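# Reading the structure
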Amino acid sequence: QAANSADFAISQFRFLRELLLVQGRNNYRRMATLVCYVFYKNIMMVLTIWYFNFFCGYSGQKWNLEWGYQAFNAFYTALPILWITVFDRDVSDATSRRLPQLYHIGIT
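Residues numbered from 1 in each chain as written. Predicted model: local features only at pLDDT ≥ 70, side-chain atom pairs only at ≥ 80, totals over all residues. Heavy atoms only, no water.

If you tally the helices and strands in the protein chain, you get 5 helices and 0 strands. Each helix (α) and strand (β) of the protein chain, taken in turn from the N terminus, gives the series α-α-α-α-α. In terms of its C-alpha atoms, the protein chain occupies a principal-axis envelope of roughly 65 × 35 × 20 Å. Here the protein chain holds 108 residues, and the buried ones make up 16% of them. For the protein chain, the exposed area adds up to about 8600 Å²; of that, 68% sits on carbon and sulfur atoms. With 10 positive and 6 negative side-chain charges, the protein chain shows a spacing of 5 Å between the two charge centroids. (Helix = DSSP H or I, 4+ residues; strand = E, 2+ residues; numbered from the N terminus. Buried < 20%, exposed > 50% of the residue type's maximum accessible area, 1.4 Å probe, protein only. Areas by Shrake-Rupley, 256 points an atom, 1.4 Å probe, with all protein chains shown as cover. Lys, Arg positive; Asp, Glu negative; His and termini not counted. Charge placed at Lys NZ, Arg CZ, Asp CG, Glu CD.)

Here it is in structure tokens:
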């Protein structure tokens, strides 16, 4: 009954190894990279606004329209995230299965 209510179910324990050591490791690395990238992206966007306001004497003048912020978030930052999601693989799947110690805390 629990398998009917779960988001996903594993029918045999041999599938658990692939799920944890290969897919889990790749997902962990990609999510860690994504979090760092999102912080970097937002810091860079806020710093440009802060520098602009500093040199304009904090007059409240906008340096970009609202659609510019949306375009920055949607177009300029979506492509690197998609690239990392599709092509980021440091070792092969067979190596991930063979060496479980590769699954460790941290990006490196």
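Once the structure has been displayed, the description carries forward.
This next bit is on the environment of Leu102. Looking at the element boundaries, Leu102 is found in the segment after helix H5 (93–98). Look at Leu102 and you get partly exposed, because its relative accessible area is 23%. Separated by 29 residues in sequence, Leu102 and Asn73 have C-alpha atoms that sit 33 Å apart. Residues contacting Leu102, with those up to four places away along its chain left out, are Arg25, Val91, Thr95 and Ser96. (Contact = heavy atoms within 4.5 Å.)

Turning our attention to the packing of aromatic side chains. A full pass over the atoms with the stated rule returns 5 aromatic pairs. A centroid spacing of 5.4 Å and a plane angle of 65 degrees characterise the contact between Trp50 and Tyr51, whose relative ring orientation is edge-to-face. Taken together, a centroid distance of 5.7 Å and an interplanar angle of 15 degrees make the contact between Trp50 and Phe54 stacked. Placement of both Trp50 and Phe54 in helix H2 (residues 14–55) is noted, with a separation of 4 residues, approximately one turn of the helix. (Phe/Tyr/Trp six-rings, centres within 6.5 Å; stacked < 30°, edge-to-face > 60°.)

Attention now moves to unusual backbone geometry. In the Ramachandran plot, Tyr58 falls in the positive-phi region, its phi being about 50 degrees despite a non-glycine side chain. Along the polypeptide, Tyr58 turns up in the loop between H2 and helix H3 (66–76).

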